[in-house]
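Below are the chains, spelled out letter by letter.
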Amino acid sequence: MRYLIKFSYDGTNYSGYQKQPGKNTIEGCLENALYNINNHKVTRIFSSGRTDKGVHALGQTAHFDLNIDITLYKLKCALNSLLPNDIHVISTEIVDKDFHARYLVKEKTYEYKINVGEYSPIDRNYIYQYNKKLNLSKMKKAINKFKGAHDFKAFTSDECKKNSYIRKITKVSMKEQNNIISIRFSGDGFMKYQVRNMVGILIRIGEEKLEPRIIDQIFDDYSMRKSIITAKPEGLSLISVKY
């Protein structure tokens, strides 16, 4: 039987989502829990995508196959009893045998939060503590330049090797409330560091070190990527995945 789970996690104490030898990862914890549930048989997990070290998720998804008879409620309870308390399974469902959590994604939404007010030790792992004012008007003008289908190669990691770097961003938003700037991107897919690099260039524009037109220039000229900085991971969360 193939199952789809929706889960959340605090990425602070993990070396990212993807399993890595000798490191504490979200995927590793999930596999260990499923090993105990599935009669000590290794279960491969396929997520909607990976998140970097320190990045969080409110609505990550993954699928896996089990060869045991278990109700959805018991599966959820068993997983949550075996997982550490900074990972939580929100829901479980049965899906078709040809369902794939990564390849069938229609839309993902990420949110990045920036504190432009007083430093908050309580929020430091969840909101980037920039603690200075930014020009929100210029940032709002700039963020709209990301909408649509673009070649985002300049905004990804050098390690990211793809046949195509074209991704479509369908929705963008930015608002400030109580000194917290919330930036959202929705699209058909995001590559390694893409969101953090888009936020990084927006921060530089908000600092008035660059003008909004720099985004058009980066799309037109790959060498202009030297203007990009990568925003810190702790402000980023995967909000939702739609199929």
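For the structure itself, consult the block above.
Residues numbered from 1 in each chain as written. Predicted model: local features only at pLDDT ≥ 70, side-chain atom pairs only at ≥ 80, totals over all residues. Heavy atoms only, no water.

J.: I'd like a description of the packing of helix α1 (residues 26-37) against helix α2 (residues 72-82), backed by residues and values.
T.: Contact pair α1 / α2: the axes reach a minimum separation of 9 Å and the direction vectors enclose 125°. The angle between α1 and α2 falls in the class oblique. Crossing of α1 over α2 shows right-handed handedness. For the pair α1 and α2, contact is made by A33, L34, N36 and I37 and by L75, A78, L79 and L82, respectively. For the contact of α1 with α2, the per-class residue count stands at seven nonpolar, one polar and no charged. (Axes fitted to C-alpha atoms, helices over the stretch in contact; angles between N-to-C directions. Helix = DSSP H or I, 4+ residues; strand = E, 2+ residues; numbered from the N terminus. Parallel < 35°, antiparallel > 145°, perpendicular 65-115°, else oblique. Left-handed = near helix turned anticlockwise from the far one by under 90°. Contact = heavy atoms within 4.5 Å. Nonpolar A, V, L, I, M, F, W, Y, C, P; charged D, E, K, R; others polar.)

J.: Lay out the packing of aromatic side chains in plain terms, naming residues and giving numbers.
T.: A complete count under the given rule lists 14 aromatic pairs for this structure. Between Y110 and F190, the ring centres sit 5.4 Å apart and the planes meet at 80°, which makes this aromatic pair edge-to-face. With Y110 in strand β5 (residues 107-115) and F190 in the loop between β9 (180-187) and α4 (194-206), the pair connects residues that are 80 residues apart, well separated along the chain. Assessed through its relative accessible area of 15%, F190 is described here as buried. One aromatic cluster in this structure is built from F146, F152, F155, F185 and F219. Over the ring of Y130 we find K132; its NZ or CZ atom is 4.3 Å from the centre of that ring. A cation over a ring is seen here: K153 above Y222, with NZ or CZ 5.5 Å from the ring centre. (Phe/Tyr/Trp six-rings, centres within 6.5 Å; stacked < 30°, edge-to-face > 60°. Buried < 20%, exposed > 50% of the residue type's maximum accessible area, 1.4 Å probe, protein only. Lys NZ or Arg CZ within 6 Å of the ring centre and 35° of its normal.)

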